[in-house]
Amino acid sequence: YEGGDYFEWTSSTEDNNNARVNVFYRTWGDESNPQLLLIHGFPNSSFDYYKLIPLLEEDYYIAALDFPGSGFSDKPLDGYNYMLAENAEIIDYFLREVVEFDDFALYTHDRGVSIGLALLGNYLDNPDPGYRINYHFLSNSGMFLPLAYADIFAFKDGNISLLYVGRYLLERQANELRWLDNLRRSPIPTAYLWGLADNVNPIRIANHVWDTYLDDREAPGSYWILPTAAHYPQREQPEAVARIINMALGGQLPDRASEDEFMRRYEASRGVNDAVYVG
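What you are looking at is a predicted structure, and each value in this text was computed from that prediction instead of being measured. In this numbering scheme, every chain counts its residues from 1 along its sequence in written order. Where local features are concerned, this predicted model is filtered to residues with pLDDT of at least 70; where side-chain atom pairs are given and counted, the filter is 80 or more; whole-chain, interface and lining totals use all residues. Based on all heavy atoms of the structure, the side-chain values leave hydrogens and waters out of the count.

J.: Sorry, what's going on with the overall build of the protein here?
T.: By the criteria applied, helices consist of DSSP H or I runs no shorter than four residues and strands consist of E runs no shorter than two, each listed in order from the N terminus. Helices and strands together make up the secondary structure of the protein, namely ten helices and nine strands. Burial classes follow relative accessibility: with a 1.4 Å probe on protein chains only, a residue under 20% of its type's maximum area counts as buried, one over 50% as exposed, and anything between as partly exposed. Counting all 279 residues of the protein, 54% fall into the buried class. Taking the contacts inside the protein whose residues are at least 6 apart along the sequence as the reference set, 79% of them involve residues at least 24 apart. Here the Shrake-Rupley method, with its probe set to 1.4 Å, supplies the accessible areas, and only the displayed protein chains count as covering residues. When the accessible surface of the protein is split by element, carbon and sulfur atoms take 47% of a total near 12500 Å². Throughout, a residue-residue contact means that at least one pair of heavy atoms, one from each residue, lies within 4.5 Å.

Here it is in structure tokens:
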């Protein structure tokens with residue numbers, strides 16, 4: 001909290017009446033390093049990445065924010081609508097006007113996956129977005145309420161705001177097929193990660209999304225299952241997640257022609273907590 005800062009956002013959702021909210025953000029690492037944006041899920045905040053960031057900050061310039069209603073950002077409780085589509089607009093503004101990212105990798109988790117897919121659609125439809133997304137990481141997506149980090153949930157009435165932010169499930173239900181189709185038409189290399197022990201969002205979700213939207217694309221893609229992680233791989237097995245990020249952004253993942261050889265080599269060195277490469 002002490003190492004972060006705020007920017008002001010004027011809500012673009014019509015019935016929020018141009019409400020202004022202060023959005024908390026923080027950056028780590030050297031600005032000359034490759035850029036990495038981390039997008040958090042519900043009901044948590046950018047603090048979700050506190051175990052992963054130390055493994056990456058020497059090699060990347062990392063940025064993360066707390067969406068309105070979460071973490072250290074403002075939490076209006078007077079009927080304010082916390083919309084996924086607006087969150088995607090906040091990310092766009094954050095990239096262009098605040099951290100000035102121009103060529104970055106995008107890592108999304110849980111509710112943040114939907115925000116990332118909305119952002120992706122806007123990006124693909126904009127002939128001049130002002131930046132380039134060079135890699136897209138997706139992890140376990142869905143709603144999960146852990147019984148930890150309650151001090152951050154409670155910051156500035158956070159426990160109350162959960163009831164309002166949780167309405168995003170209705171918005172996601174209305175838009176999920178359109179947003180998922182953004183994956184099918186995306187030319188951005190994608191890595192799909194899933195904690196196998198997630199008992200809220202079972203592995204059949206990941207299998208369906210991979211088979212339906214990612215596996216047959218021309219763009220490079222990879223699917224990873226973390227056998228000893230659950231809903232929060234970035235907290236439960238951060239070293240395994242960092243290894244996938246480093247391999248993907250370091251150009252070490254195979255194309256279809258060489259994936260059998262890669263799989264044999266990778267499996268020979270894989271630790272018990274490392275992700276399993278599916279394809």
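J.: Looking at this model, I keep getting lost on the packing of aromatic side chains. Mind explaining?
T.: The geometry of an aromatic ring pair comes down to the distance between the two centres and the angle between the two planes. Each Phe, Tyr or Trp ring, with Trp reduced to its six-membered ring, pairs with another whose centre is within 6.5 Å; inter-plane angles below 30 degrees give stacked pairs, above 60 give edge-to-face pairs, and intermediate values give tilted ones. Under the counting rule described, the total for this entry stands at 25 aromatic pairs. Through a chain of ring-to-ring contacts, the aromatic side chains of Phe7, Trp9, Tyr25, Tyr93 and Phe94 assemble into a single cluster. A cation sits over an aromatic face here: Arg235 above Tyr232, 4.1 Å from the ring centre. Placement of a positive charge over a ring is assigned whenever Lys NZ or Arg CZ falls within 6 Å of the ring centre and within 35 degrees of the normal to the ring plane.

J.: Explain the nonpolar core to me, please; I cannot follow it from the model alone.
T.: Soluble, globular proteins show a tendency: their nonpolar side chains are buried together. We define the nonpolar core as a collection of buried residues of types Ala, Val, Leu, Ile, Met, Phe, Trp, Tyr and Cys that are connected through side-chain atoms lying within 4.5 Å of one another. Counting residues in each nonpolar core, the largest one holds 46 residues, and the members touching the most others are Leu37, Leu65, Ile91, Leu183 and Tyr192. In this view, Tyr192 contacts Leu138, Ile205, Ala206, Val209, Trp210, Leu214, Ser222, Tyr223 and Trp224; residues no more than four positions away in its chain are not counted. Within the second largest apolar cluster, 31 residues are counted, among which are Leu52, Ala64, Ala105 and Ala242.

J.: I tried to follow the pairing of strand 4 (residues 61–65) on my own but got confused; where do I start?
T.: On a regular strand, each side chain points to the face opposite its neighbour's, so the side chains alternate between the two faces of the sheet. Summarising burial for strand 4: five of the five residues are buried, a large majority. Every second residue of strand 4 is oriented toward a common face, with Tyr61, Ala63 and Leu65 on one face and Ile62 and Ala64 on the other, all of them buried. Think of it this way: DSSP has to see at least two bridges between two strands before they count as a pair. Sheet topology places strand 2 (residues 20–28) next to strand 4; four bridges connect them, and they run antiparallel. By the bridge assignment, Tyr25 is partnered in strand 4 with Leu65. Where strand 3 (residues 35–39) and strand 4 come together, four bridges link them in parallel fashion. From the neighbouring strand, Leu37 faces strand 4, where its bridge partner is Ala63.

J.: Would you mind going over the packing of helix 2 (residues 84–98) against helix 3 (residues 111–125) with me for this structure?
T.: Working note: a packed helix pair is described by the angle between its axes plus the distance between those axes. Simply put, an axis is a line fit to the C-alpha atoms, just over the touching stretch for a helix, and the angle between two N-to-C directions goes from 0 to 180 degrees. Two elements in contact, helix 2 and helix 3, have axes whose closest approach is 8 Å; the angle formed by their N-to-C orientations is 65°. Here helix 2 lies roughly perpendicular to helix 3, going by the angle between them. Considering how the two elements wind past one another, helix 2 and helix 3 form a crossing that is right-handed. Mapping the contact onto sequence places Leu84, Asn87, Ala88, Ile91 and Asp92 in helix 2 and Arg111, Ser114, Ile115, Ala118, Leu119 and Asn122 in helix 3. A per-class count over the contact of helix 2 with helix 3 returns six nonpolar, three polar and two charged. Throughout this description, any angle smaller than 35 degrees is read as roughly parallel, any larger than 145 degrees as roughly antiparallel, any in the 65 to 115 degree range as roughly perpendicular, and the remainder as oblique. When the near helix sits turned anticlockwise from the far one by under a right angle, the crossing is termed left-handed; a clockwise turn instead gives a right-handed crossing. Each residue receives one of three labels: charged for Asp, Glu, Lys and Arg, nonpolar for Ala, Val, Leu, Ile, Met, Phe, Trp, Tyr, Cys and Pro, and polar for the others, Gly being one of them.

J.: Honestly, unusual backbone geometry in this entry has me stumped. Any pointers?
T.: Residues apart from glycine generally show negative phi values, whereas peptide bonds are mostly found in trans. Backbone geometry places Glu100, a non-glycine residue, at a positive phi of 55°. Mapped onto the fold, Glu100 is located in the loop between helix 2 and strand 5 (103–108). By relative accessible area, Glu100 is classed as exposed at 57%. Even without being glycine, Asp110 reaches a positive phi, approximately 55°. Within the secondary structure, Asp110 sits in the loop between strand 5 and helix 3.

J.: Is there a simple way to think about the pairing of strand 8 (residues 221–226) in this case?
T.: The buried count for strand 8 comes to five of six residues, which makes it a mostly enclosed element. Handedness of the β-α-β unit built from strand 7 (residues 190–195), helix 7 (residues 203–214) and strand 8 comes out right-handed. As paired strands, strand 8 and strand 9 (residues 276–277) are joined by two bridges and run antiparallel to one another. Across the sheet, Trp224 pairs through a bridge with Tyr277, a residue of strand 9. Note on handedness: a clockwise path from strand one over the helix to strand two, with the strands aimed away from the viewer, defines a right-handed crossover.

J.: Just checking my understanding: could you explain the sheet that holds strand 6 (residues 132–138) for this structure?
T.: Strand pairing within a sheet occurs via backbone hydrogen bonds; the two strands may be parallel or antiparallel. Overall, mixed pairing links the nine strands, which are arranged 1-2-4-3-5-6-7-8-9 in an open sheet. On the outer flanks of this sheet lie strand 1 (5–10) and strand 9, each paired with one strand and no other. Against the sheet, helix 2 contacts strand 1, strand 2, strand 3, strand 4 and strand 5, and its axis sits at roughly 125° relative to strand 1.

J.: Even after reading the chapter, I still don't get the environment of Gly195, so can you show me in this structure?
T.: Its location among the elements puts Gly195 in strand 7. Put simply, Gly195 and Pro233 are 38 residues apart on the chain and 5.9 Å apart in space, counted from C-alpha to C-alpha. Apart from the residues lying within four places of it in its own chain, the contact partners of Gly195 are Asn140, Leu226, Ala229, Ala230 and Pro233.

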